Amino acid sequence: MTAVRPSIRLRPTCLLRQPSISGVTAPCRFSRQALALSQAIGPLASSRLQFSTTPKSRHPTATFNLENPYGVETPTLLHHLTPVARGADTLDLTDVPSFEDINNYYWKSPSIQAFLQSFSTGQSVGLIELDRTVFGADPRSDLLARALRYEESWLEQGTESTKALGQVRGSTRKAFPQKGRGKARVGTVRAPQWKGGYRVHGPRPHDKSTDIPRKVYSFAIRSALSAKFRQDQLLVVDSLTLDSDLKATLMEKLLALSVNNKTVYFMYGNEEPEELLIKAAGKFKRKEPVPKAKGFAGLPAEKPLLVSSAREVSVTPLLRNEILVLDKAAVEVLEEMYHQE
């Protein structure tokens, strides 16, 4: 009996070559959060799935151990609908469904998978299914740009103002005679061509906010969330609860998740705000690293953090921050708000 132990490194979304039983390779699309099985593979006795984390990368690695009683080495991947076996549990591959349409079955699944990580330790504690219409849509750059312009218009004050003819200070008398000077006629010294005159068609205080269709803005939110998923910048944790509002406490969580020295956008889904997380994140400012010196250990670089509710999601912070961290409640809220039939 020979045990085959291929180690599968989960990468961001890319096009891989998937081996099949007949030896014909077929392209299949994968992401770091989703694994797929090409077909039901031969007579296999048992299998086991274990999670581990490499020291140089925060991406978890799935090791799929196959035991073939005939001694034939068969490379395979885990199907995305197969239950995950943890610890010493054994997963029987006879229950794994087979799909004849190897090129399209993955895209027909209504959900995609992401690793669920512990906020305290940073270790993977399981898998979580995400709505494909929310986190797996095709990003639209044109709708993202349109939504950004819409949100930037919120910040426009619209208070700039210029004076009209009746508001400019000056005499109303005719400065020069109408005829006889050989020059252009002058009706008033408050004319726009004179110094101190009024402004022709100048700006007036007004509301600069624009409007956007609701469906367009909702699709822009889906595009931003899907872009984070595809770029491997989306982390799902079990909870965003902190024991204290100390800066060092939150720094430990960032180090555990390997997102320190990055701009992080925390999004919680509870109705009650995470006050300790908000207070701790407010203490992070943009600072350059302080190098080590004699008798001084130095200080790491800092970048500002952002915390908000999932019901207040917008496109601008999703694109400006490098990492998006969601808890399970935030995933449910986003799927409830932006699910598409």
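The structure reproduced in this document is the subject of the present report. (Residues numbered from 1 in each chain as written. Predicted model: local features only at pLDDT ≥ 70, side-chain atom pairs only at ≥ 80, totals over all residues. Heavy atoms only, no water.)

**Description of a nonpolar patch on the surface**
Point 1. Together, Val290, Phe296 and Leu299 make up a nonpolar patch on the protein surface, roughly 250 Å² of accessible area in all.
Point 2. Counting through the fold element by element, Phe296 comes out in the loop between helix H5 (275–281) and strand E11 (306–309).
Point 3. Residue Phe296 is classed as partly exposed on the basis of its relative accessible area of 38%. (Patch = residues over 30% accessible without salt bridge, like charges linked within 9 Å, V, L, I, M, F, W, Y side chains within 5 Å. Areas by Shrake-Rupley, 256 points an atom, 1.4 Å probe, with all protein chains shown as cover. Salt bridge = Lys/Arg side-chain N within 4 Å of Asp/Glu carboxyl O. Helix = DSSP H or I, 4+ residues; strand = E, 2+ residues; numbered from the N terminus. Buried < 20%, exposed > 50% of the residue type's maximum accessible area, 1.4 Å probe, protein only.)

**Some words on the pattern of salt bridges**
Point 1. Going through the model one piece at a time under the given rule, you end up with seven salt bridges.
Point 2. A salt bridge links Glu271 to Arg311, with the nearest nitrogen and oxygen atoms 3.6 Å apart. Highlighted residues: Glu271 in the loop between strand E10 (264–268) and H5 and Arg311 in the loop between E11 and helix H6 (315–320), separated in sequence by 40 residues.
Point 3. Assessed through its relative accessible area of 63%, Glu271 is described here as exposed.
Point 4. By relative accessible area, which is 42% here, Arg311 ends up partly exposed.
Point 5. Residue Glu322 pairs with Lys303 through a salt bridge whose shortest N-O separation is 3.2 Å. Linking Glu322 in the loop between H6 and strand E12 (323–327) with Lys303 in the loop between H5 and E11, this pair joins segments that are 19 residues apart in sequence.
Point 6. Through salt bridges with shared partners, one network takes in Glu271, Arg311 and Glu336.

**Topic: the pairing of strand E7 (residues 111–117)**
Within a regular strand, side chains alternate between the sheet's two faces.
Point 1. Along E7, seven of the seven residues are buried, which leaves the element largely enclosed by surrounding structure.
Point 2. As judged from the two bridges shared by E7 and strand E9 (residues 234–237), these two strands associate in the parallel manner. Looking at E9, one finds that Gln117 is bridged to Val237. (Pairing = 2+ DSSP bridges.)

**Some remarks on the nonpolar core**
Point 1. Leu130, Phe135, Met267, Leu326 and Leu334 are the most contacted members of the largest nonpolar core, which has 34 residues in total.
Point 2. What Leu334 contacts, discounting residues up to four positions off in sequence, is Val134, Phe135, Leu225, Met267, Ala310, Val313, Leu326 and His339.
Point 3. Membership of the second largest hydrophobic core comes to 20 residues, among which are Val237, Leu240, Leu277 and Val307. (Core = buried A, V, L, I, M, F, W, Y, C linked by side-chain atoms within 4.5 Å. Contact = heavy atoms within 4.5 Å.)

**A few points about a positive patch on the surface**
Point 1. Taken together, Lys174, Lys179, Arg181, Lys183 and Arg185 make up a surface patch of like positive charges.
Point 2. By secondary structure assignment, the location of Lys183 is in the loop between helix H2 (141–152) and helix H3 (214–230).
Point 3. On the accessibility criterion, Lys183 (62% relative accessible area) is exposed. (Lys, Arg positive; Asp, Glu negative; His and termini not counted. Charge placed at Lys NZ, Arg CZ, Asp CG, Glu CD.)

**Quick notes on the side chain of Lys253**
Point 1. The topology assignment puts Lys253 in helix H4 (residues 247–257).
Point 2. It turns out Lys253 is buried and unbridged, and the closest side chain with the opposite charge, Asp243, is 5.3 Å from it.
Point 3. Here Lys253 is in contact with Phe119, Ser120 and Leu242, once residues within four sequence places are set aside.

**Describing the environment of Gln123**
Point 1. For Gln123, the position within the fold is in the loop between E7 and strand E8 (124–131).
Point 2. When the C-alpha positions of Gln123 and Ala256 are compared, they lie 8.0 Å apart, and in sequence the two are 133 residues distant.

**Points about the sheet that holds E12**
Point 1. As summarised here, the arrangement of the six strands in space is E8-E7-E9-E12-E10-E11, forming an open sheet in which the pairing is mixed. The open sheet has two edge strands with one neighbour each: E8 and E11. Between one strand axis and the next, the sheet turns through 30° on average, direction left out of account.
Point 2. As judged from the four bridges shared by E9 and E12, these two strands associate in the parallel manner. In the strand pairing of E12, Val236 is matched with Leu326.
Point 3. Against the sheet, H4 makes contact with E7, E9 and E10, and its axis sits at roughly 105° relative to E10, the strand it touches most.
Point 4. Sheet contacts for helix H7 (residues 328–338): E7, E8, E9, E10 and E12; angle to E12, the most-contacted strand, approximately 95°. (Axes fitted to C-alpha atoms, helices over the stretch in contact; angles between N-to-C directions.)

**Here we look at unusual backbone geometry**
Point 1. Positive phi outside glycine occurs at His201, with the angle close to 55°.
Point 2. For His201, the position within the fold is in the loop between H2 and H3.
Point 3. The class for His201 is exposed, based on a relative accessible area of 79%.
Point 4. One non-glycine residue, Asn261, adopts positive backbone phi at about 60°.
Point 5. Looking at where Asn261 falls in the secondary structure, it is placed in the loop between H4 and E10.
Point 6. Exposure remark for Asn261: the relative accessible area of 38% places this residue in the partly exposed category.

**Some points on the packing of aromatic side chains**
Point 1. Within the structure shown, the criterion is met by three aromatic pairs.
Point 2. Both rings, one in Phe119 and one in Phe266, keep their centres 6.3 Å apart while their planes meet at 80°; by these two values the pair is edge-to-face. Separated by 147 residues along the polypeptide, Phe119 in the loop between E7 and E8 and Phe266 in strand E10 bring together distant segments of the chain. The same class applies to Phe119 as to Phe266, namely buried.
Point 3. When the ring of Tyr150 is compared with that of Trp154, the centres are 5.2 Å apart and the planes differ by 80°; the resulting orientation is edge-to-face.
Point 4. Judged by relative accessible area, which is 17%, Tyr150 ranks as buried.
Point 5. Each member of the aromatic cluster is reached from another via a ring pair, and the members are Tyr150, Trp154 and Tyr217.
Point 6. The ring centre of Phe176 lies 4.0 Å from the NZ or CZ of Arg181, which sits over that ring.
Point 7. In this structure, Lys247 is placed above the aromatic ring of Phe284, and the distance from its NZ or CZ to the ring centre is 5.3 Å. (Phe/Tyr/Trp six-rings, centres within 6.5 Å; stacked < 30°, edge-to-face > 60°. Lys NZ or Arg CZ within 6 Å of the ring centre and 35° of its normal.)

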